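# Observations on the three-dimensional arrangement
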Amino acid sequence: MATVVVTHRACIDHDPGPGHPEQPDRLRVIQRVLEAEEFMFLHREEATRADIDLIKRVHDPAYVDRIFSRLPESGQVSIDGDTYVSSASGEAALRAVGGCCVGVDAVMEGHERNAFVGVRPPGHHAEYDRAMGFCLFNNAAIAARYARDRYGIKRVAVMDFDVHHGNGTQDLFCHDPDLFYCSTHQWPLYPGTGDPADRGCANNILNVPLNSGAATAELQAAFQNYVIPGLTGFNPELLIISAGFDAHRNDPLAGLCLVESDFFWMTEQLLAVARQCCENRVVSILEGGYDLPSLASSVVAHVRALMIG
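In this report, the structure presented in the accompanying data block is examined. Just so you know, these numbers come straight off a predicted model, no measurement behind them.

### Quick look at the overall build of the chain
Broken down by element type, the chain carries 10 helices and 10 strands. Radius of gyration (C-alpha) of the chain: 17 Å, near the 19 Å computed for a compact globule of 309 residues. In terms of principal-axis extent, the alpha carbons of the chain reach across some 50 × 45 × 40 Å. The buried share of the chain, taken over its 309 residues, is 60%. Taking contacts inside the chain between residues at least 6 apart in sequence as the whole, the part at least 24 apart equals 75%. By element, 47% of the accessible surface of the chain is carried by carbon and sulfur atoms, the whole surface being about 11400 Å².

### Comments concerning the sheet that holds strand 6 (residues 156-160)
An order of 2-1-5-10-9-6-7-8 is seen for the eight strands of this open sheet, with the pairing classed as parallel. Pairing within the sheet leaves two strands with one partner each, and these edge strands are strand 2 (43-46) and strand 8 (205-210). Direction aside, the axes of adjacent strands within the sheet are offset by 15° on average. When strand 5 (residues 114-117) meets strand 10 (residues 282-286), the two strands line up parallel, connected through four bridges. Its bridge partner lying in strand 10, phenylalanine 116 is registered against serine 284. Across the face of the sheet, helix 2 (residues 25-33) comes into contact with strand 1 (3-7), strand 5 and strand 10 while running at roughly 135° to strand 10. Contacting strand 6, strand 7 (179-186), strand 9 (238-243) and strand 10, helix 6 (residues 139-151) crosses the sheet at an angle of about 165° to strand 9.

### Some thoughts on the side chain of asparagine 167
Assignment of secondary structure puts asparagine 167 in helix 7 (residues 167-173). Under the relative-accessibility criterion, asparagine 167 is labelled buried at 4%. Sequence-distant contacts of asparagine 167, that is, excluding residues within four places in its chain, are made with His124, His125, Glu127, Met132, Pro191 and Thr193.

### Considerations on helix 5 (residues 89-108)
In a regular helix each residue adds 1.5 Å, so 20 residues correspond to 28 Å; helix 5 covers 28 Å between its end C-alpha atoms and thus fits that length. Of all 20 residues in helix 5, 19 are buried, a share of seventy percent or more. Downstream of helix 5 by one or two residues, glycine 110 has phi in the positive range, about 80°.

### Details of the environment of asparagine 138
Relative to the assigned elements, asparagine 138 resides in the loop between strand 5 and helix 6. Residues asparagine 138 and histidine 248 lie 110 residues apart in sequence; the distance between their C-alpha atoms is 23 Å. The residues contacting asparagine 138, other than those within four sequence positions of it, are His59, Gly123, His124, Ala126, Gly168, Thr169 and Leu172. At 3.3 Å, the side chain of asparagine 138 forms a polar contact with the backbone oxygen of glycine 123.

### Considering the side chain of aspartate 80
Structurally, aspartate 80 is set in strand 3 (residues 77-80). Lacking a salt bridge, the buried aspartate 80 has arginine 130 as its closest oppositely charged neighbour, with an N-O distance of 5.2 Å. Within polar-contact distance, the side chain of aspartate 80 engages the side chain of threonine 83 at 2.7 Å. In this view, aspartate 80 contacts Ala131, Met132 and Gly133; residues no more than four positions away in its chain are not counted.

### Regarding the pairing of strand 6
Most of strand 6 is tucked away: five of the five residues are buried. The alternating pattern of strand 6 places Val156, Val158 and Asp160 on one face and Ala157 and Met159 on the opposite face, and all of these are buried. Sheet topology note: the strand 6/strand 7 ladder contains five bridges and is parallel. Residue pairing in the sheet places valine 156 in a bridge with leucine 179 of strand 7. Running through helix 7, the crossover from strand 6 to the neighbouring parallel element strand 7 is right-handed.

Reading the values: the criteria
Residues numbered from 1 in each chain as written. Predicted model: local features only at pLDDT ≥ 70, side-chain atom pairs only at ≥ 80, totals over all residues. Heavy atoms only, no water. Helix = DSSP H or I, 4+ residues; strand = E, 2+ residues; numbered from the N terminus. Rg over C-alpha atoms; globule rule 2.2 N^0.38 Å. Buried < 20%, exposed > 50% of the residue type's maximum accessible area, 1.4 Å probe, protein only. Contact = heavy atoms within 4.5 Å. Areas by Shrake-Rupley, 256 points an atom, 1.4 Å probe, with all protein chains shown as cover. Pairing = 2+ DSSP bridges. Axes fitted to C-alpha atoms, helices over the stretch in contact; angles between N-to-C directions. Expected span 1.5 Å × (residues − 1). Polar contact = N/O pair within 3.5 Å; in protein donor to acceptor, adjacent residues only side chain to side chain. Lys, Arg positive; Asp, Glu negative; His and termini not counted. Salt bridge = Lys/Arg side-chain N within 4 Å of Asp/Glu carboxyl O. Right-handed = clockwise from strand over helix to strand, strands pointing away.

Scope: geometric values only; no functional claims are made or implied.
Spelled out as structure tokens, the structure:
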């Protein structure tokens, strides 16, 4: 077993418009760096097109239909203040969800030890019936639902290290005691959620806020004191990572001061949880990261750690 990378050309075609931070080049730079010789032994799969009914099991069906009805023939249409769609966004979103399902299949069926799903648009801000924060559908939450429905597992955890709190995933998980959402994020910051007092219906929400300027020491303390005990206490059967790389010190949208070695270290810690709890089953899904060189180098660090396992 090895690491599989899942992506699709259609995810590059989603175009939110000139100057938008969630740009197609994000995926281009990731694909480029993963072509290096050190990654030649990665397994690679194309994202399938998700069944829209799967998305409607997680999101309000009327909301899903509304997103697809808003796709323009040309140019961009605003879904909310910072979330835009183009003519290719529907196909990209279906491939993004489908890619997450390919990753789940690979690890649940034992073909791969773990998966990195490099797709866009991202998903962790998407709530039950609301797009926001560049996100249309909640890829991680849909992947969790797919894993439970297809493979009969009960407990799924999502660990989100994007610099922004994943309000959408919390919204979709908080009332189900068998779903666990953990987030390290800068706070206060967009979208304004992520209060550690939010605990869910069964202590199944764990928010670990970090102050602006936090770096390696603060991150490691957060993991050792909160994240790792929380995840192991929940004891998931599958661990999904919402892998945002905008906590890097060079990212223009936030103020944390992480570096590439921090993403490697976090990934190592999460893989250790997976070894203990869920037979190494990890599916990592791309979220944010908006400084292109830092995004590329941070993904390299993350995938290196996944390959070591």
